[in-house]
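# Architecture at a glance
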Amino acid sequence: MFSNLSSISNAVLTVSDLNRTVRELLEGSLPVLWVSGEISNFKRYDSGHCYFSLKDKNAQVRCVMFRNRAGLLDFQPREGMSVEIRAVVTLYEARGDYQLTVEAMRPAGLGALFEAFEKLKAKLAAEGLFDSDRKQPLPTFPRAIGIVTSPKAAALRDVLTTLGRRMPGLPVILYPCAVQGAGAGAEIAAAINKAAERNEVDTLIVCRGGGSLEDLWAFNEEVVARAIAACAIPVVSGVGHETDFTISDFVADVRAATPTAAAELASPNRTEWLARLAEQQRHLQRAVERQLQTRMQKLDNLARRLRHPGDTLTRQRERLAMLSVRLNTAPARQLDRKLSTLAQMRLRLIHASPALEAARNRLSLAASRLAAASARTREQRLAKLAPLRGQLQALNPTAVLSRGYALVETAKGQVVQHAAQLHAGDKIRVRFADDAVDAAVTGKPDGQQSLF
């Protein structure tokens, strides 16, 4: 309304302008605040809006909490209750009263509890107590279920009712303990340890009904968390309502939204399993019926193929008689065939005899002529071979050597035909008719000078 405060001093304001300016200054200069105090003059109207004063020993301030915010409270504000509120400072222009518009409210001291909750949660998470790989699966058919809770708790009745409805006759063992107040955490941990030590149940339910953070605080204590983590029995945590979360929920093997849900998770449903068994029975019955039908059809087929033993014996006798006749007549028929074949061969032999004698004569004549031709050919070849043998003998170097000549070769086996091929110091080999000797050239050939 006014650009700066200095312009207000020279202006004459109406009461409405003043209250509006003050409201704008308050709302613009103060952030959302947490304020603690004691509730006084608390009233909740049919509209759902709540009006009260927040006071301490020296002062008080009016507060309003509208229906949309009041509906989110998980406790009932009461006269004289110490609370902490999160509020915006504003001014009610009609009366010129400043007030707090409340956005959230909690019992006094919960801030410290929340801080302790988050600190312990972070510590245990860093140690791995919340890791999924360390959580145990729940048995499908537990032999007995243990419950850690107060004997007077309404949650116990809910759990027992649910277990009785889902699986009647399932043994249930109660490990009694306090679930609220001083020392409750130690009692809960002791009950869990006792159940683990006895090892007489397959699943352990740790539960209690809903309440404020203070009411549920025993399940946020470290001793309870470590007892659950060390328990060898699978643990189901069913603490509070669906929106409540405790440390035990994070450490437990399974977290249930409520105690009733914990009982449902821990126990098999008798009705569902009976329905499944009935369905399996129907499947098995149909399978047996199909097998019986198949076997009956096979039996019918075999029955059609089955013949009376007397019929079989009759057919076998008939076949035996036929084979006996064939056996008796077979030698005579075989002899007749052999005799017929022999007669035919005798006739052919008689007709072929003259031709055989002529063939023998021709063969004898051809053998004589072949012997004579072979002798003539041998004499002709020997006559041609005699002059060739003489020529070969004349060209034989060994024959020349036998007349006193020698054959000179170099160290490489080459025949020396001229003295010019040799030089002083060359190694040579002299071959005679009967043997060969190694020698060396001692001088250059000159006139009649010796080479050796």
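- Looking at an unreviewed UniProt entry, one finds the protein named Exodeoxyribonuclease 7 large subunit and attributed to Silvimonas amylolytica.
- Its UniProt record, at the heading Subcellular location (unreviewed entry), says of the protein: "Cytoplasm".
- Under the heading Subunit (unreviewed entry), UniProt records this for the protein: "Heterooligomer composed of large and small subunits."

### Here we look at the sheet that holds strand 5 (residues 97-107)
- Strand order in this closed barrel of five strands is 1-2-3-5-4, and the pairing throughout is mixed. For this sheet the average axis-to-axis angle between neighbouring strands, irrespective of direction, equals 55°.

### A short note on the sheet that holds strand 12 (residues 427-431)
- Judged by pairing direction, the sheet is antiparallel, and its three strands sit side by side in the order 11-12-13 without closing on themselves. Two strands close off the open sheet at either side, each with one partner strand: strand 11 (407-410) and strand 13 (436-440). Going across the sheet, the axis of each strand differs from the next one's by a mean of 30°, ignoring polarity.

### Looking at helix 1 (residues 15-29)
- With 15 residues, helix 1 should cover 21 Å at 1.5 Å per step; its first-to-last C-alpha distance of 21 Å lies within 8% of that length.
- Those residues of helix 1 that sit buried are Asp17, Asn19 and Thr21.
- Buried residues along helix 1 sit in contact with strand 4 (82-92).

### Let's talk about the nonpolar core
- Counting 36 residues, the largest nonpolar core has Leu124, Val148, Ile188, Ile192 and Leu204 as its most contacted members.
- Taken together, the elements giving at least two residues each to this core come down to helix 3 (110-126), helix 5 (184-198), strand 8 (203-208), helix 6 (222-230), strand 9 (235-239) and helix 7 (247-251).
- Sequence-distant contacts of Val148, defined by excluding residues within four places in its chain, comprise Tyr175, Cys177, Ile188, Ala191, Ile192, Leu204, Ile205, Val206 and Cys207.
- Among the nonpolar cores identified, the runner-up in size contains 19 residues, and Ile39, Cys50, Leu73 and Phe75 belong to it.

### Here we look at the packing of helix 4 (residues 154-166) against helix 8 (residues 259-266)
- Between helix 4 and helix 8, the shortest axis-to-axis distance is 8 Å and the interhelical angle comes to 30°. Along this stretch, helix 4 crosses helix 8, giving a crossing that reads as right-handed. Across the interface between the two elements, Ala155, Asp158, Val159, Thr162, Leu163, Arg165 and Arg166 from helix 4 touch Pro259, Thr260, Ala263 and Glu264 from helix 8.
- A per-class count over the contact of helix 4 with helix 8 returns five nonpolar, two polar and four charged.

### So, the UniProt feature "domain: OB-fold nucleic acid binding" (unreviewed entry) in the protein
- In the numbering used here, UniProt assigns the "domain: OB-fold nucleic acid binding" (unreviewed entry) feature to residues 13-106.
- For residues 13-106, the helix share is 20%, the strand share is 48%, and the end-to-end C-alpha distance is 40 Å.

### Points about the side chain of Ser40
- For Ser40, the position within the fold is in strand 1 (residues 33-44).
- Residues contacting Ser40, with those up to four places away along its chain left out, are Phe52, Ser53, Lys55 and Glu79.

### Some details on the pairing of strand 1
- As paired elements, strand 1 and strand 4 share six bridges and run antiparallel to each other. Paired with Trp34 across the two strands is Arg86, which belongs to strand 4.
- Pairing of strand 1 with strand 2 (residues 50-55) involves five bridges; the strand directions are antiparallel. Across the sheet, Arg44 pairs through a bridge with Cys50, a residue of strand 2.
- Taken together, strand 1 and the strand that follows it, strand 2, pair antiparallel across an intervening segment of five residues, in which Gly48 is found at a positive phi of about 95°.

### Side note on a nonpolar patch on the surface
- A cluster of nonpolar residues, Leu284, Val288, Leu292 and Met296, forms a patch on the protein surface that exposes about 410 Å² of accessible area.
- As for its position among the elements, Met296 is in helix 9 (residues 270-305).
- Taking relative accessible area as the criterion, Met296 reaches 54% and is therefore assigned exposed.

### Here we look at helix 5
- Under the 1.5 Å per step criterion, the end-to-end length of helix 5 is 21 Å for 15 residues, consistent within 8% with the ideal 21 Å.
- Along helix 5, the residues that are buried comprise Ala184, Gly185, Ile188, Ala189, Ala191, Ile192 and Ala195. Buried residues in helix 5, looked at end-on, bunch into an arc of 160°, giving them a common side.
- Residue Asn199 follows helix 5 closely and has a positive phi angle near 55°.

### Notes on the pairing of strand 13
- Bridge count for strand 12 against strand 13 is five bridges, and the pairing is antiparallel. Paired with Arg429 across the two strands is Asp438, which belongs to strand 13.
- Where strand 12 hands over to strand 13, the hairpin turn is made up of four residues, counted between the paired strands.

### Some details on unusual backbone geometry
- Positive phi values are uncommon outside glycine, yet Asn41 reaches one of about 55°.
- Mapped onto the secondary structure, Asn41 falls in strand 1.

Cut-offs and rules
- Residues numbered from 1 in each chain as written.
- Predicted model: local features only at pLDDT ≥ 70, side-chain atom pairs only at ≥ 80, totals over all residues.
- Heavy atoms only, no water.
- UniProt positions renumbered as here; feature names shortened; annotations may be inferred.
- Pairing = 2+ DSSP bridges.
- Helix = DSSP H or I, 4+ residues; strand = E, 2+ residues; numbered from the N terminus.
- Axes fitted to C-alpha atoms, helices over the stretch in contact; angles between N-to-C directions.
- Expected span 1.5 Å × (residues − 1).
- Buried < 20%, exposed > 50% of the residue type's maximum accessible area, 1.4 Å probe, protein only.
- Contact = heavy atoms within 4.5 Å.
- Core = buried A, V, L, I, M, F, W, Y, C linked by side-chain atoms within 4.5 Å.
- Left-handed = near helix turned anticlockwise from the far one by under 90°.
- Nonpolar A, V, L, I, M, F, W, Y, C, P; charged D, E, K, R; others polar.
- Patch = residues over 30% accessible without salt bridge, like charges linked within 9 Å, V, L, I, M, F, W, Y side chains within 5 Å.
- Areas by Shrake-Rupley, 256 points an atom, 1.4 Å probe, with all protein chains shown as cover.
- Salt bridge = Lys/Arg side-chain N within 4 Å of Asp/Glu carboxyl O.
- Arc of directions from axis to C-beta.

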